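# Structure assessment
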Amino acid sequence: MLKMNDPHSSAWWVYLVLTDSEQLYTGIAKNPERRFEEHLATYEGRGKKGAKFFRGHKPIKIVYREAAENRSAATRREIAIKKLSPIKKRALTTTPQNQT
């Protein structure tokens, strides 16, 4: 059974990262916390595994996390979130995290 509230489970996660310029970045990962650290390392010039977006945008924190059954489902949800307006994306960050 998929544990929707365990960020270290084998599930895929869709996540939103808030940047210092108040922008939201949407991504997927099996371990969002590890991925956040990769993004931060890319910003700080300590690594290259993070998204190119973070070369010019400092990641502050993960503000939303949602579990998906598999990578395909996570990718579909990521695409859907990326199509949302900025207002609707911000609304996601005010809902309870770790959706079921």
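Our subject is the structure that appears above.
My aim in this report is to walk through the structure given alongside it, one point at a time.

## What about the environment of Arg-65?
Within the secondary structure, Arg-65 sits in strand E3 (residues 59–68). Taking C-alpha positions, Arg-65 is 6.7 Å from Leu-16, a pair spaced 49 residues apart along the chain. A distance of 2.7 Å separates a polar atom in the side chain of Arg-65 from a polar atom in the side chain of Glu-33.

## Here's the deal with the nonpolar core
Leu-16, Ala-74 and Ile-81 are the most contacted members of the largest nonpolar core, which has 13 residues in total. Residue assignment for this core shows that the elements contributing at least two residues are strand E1 (12–19), strand E2 (24–29), E3 and helix H2 (71–82). Apart from the residues lying within four places of it in its own chain, the contact partners of Leu-16 are Tyr-25, Thr-26, Lys-61, Ile-62, Val-63, Tyr-64, Ile-81, Lys-89, Leu-92 and Thr-93. The next biggest cluster of nonpolar side chains, apart from the first, holds 8 residues, and it includes Tyr-15, Tyr-25, Phe-36 and Ala-51.

## As for the packing of aromatic side chains
A full pass over the atoms with the stated rule returns 4 aromatic pairs. With 6.4 Å between their ring centres and 45° between their planes, Tyr-15 and Tyr-25 make a pair best called tilted. Here Tyr-15 is found in strand E1, whereas its partner Tyr-25 is found in strand E2, with 10 residues between them in sequence. Exposure remark for Tyr-25: the relative accessible area of 17% places this residue in the buried category. Taken together, Tyr-15, Tyr-25, Phe-53 and Phe-54 form an aromatic cluster joined through their ring pairs.

Conventions and cut-offs
Residues numbered from 1 in each chain as written. Predicted model: local features only at pLDDT ≥ 70, side-chain atom pairs only at ≥ 80, totals over all residues. Heavy atoms only, no water. Helix = DSSP H or I, 4+ residues; strand = E, 2+ residues; numbered from the N terminus. Polar contact = N/O pair within 3.5 Å; in protein donor to acceptor, adjacent residues only side chain to side chain. Core = buried A, V, L, I, M, F, W, Y, C linked by side-chain atoms within 4.5 Å. Buried < 20%, exposed > 50% of the residue type's maximum accessible area, 1.4 Å probe, protein only. Contact = heavy atoms within 4.5 Å. Phe/Tyr/Trp six-rings, centres within 6.5 Å; stacked < 30°, edge-to-face > 60°.

Purely spatial values, then, with no claim about function.
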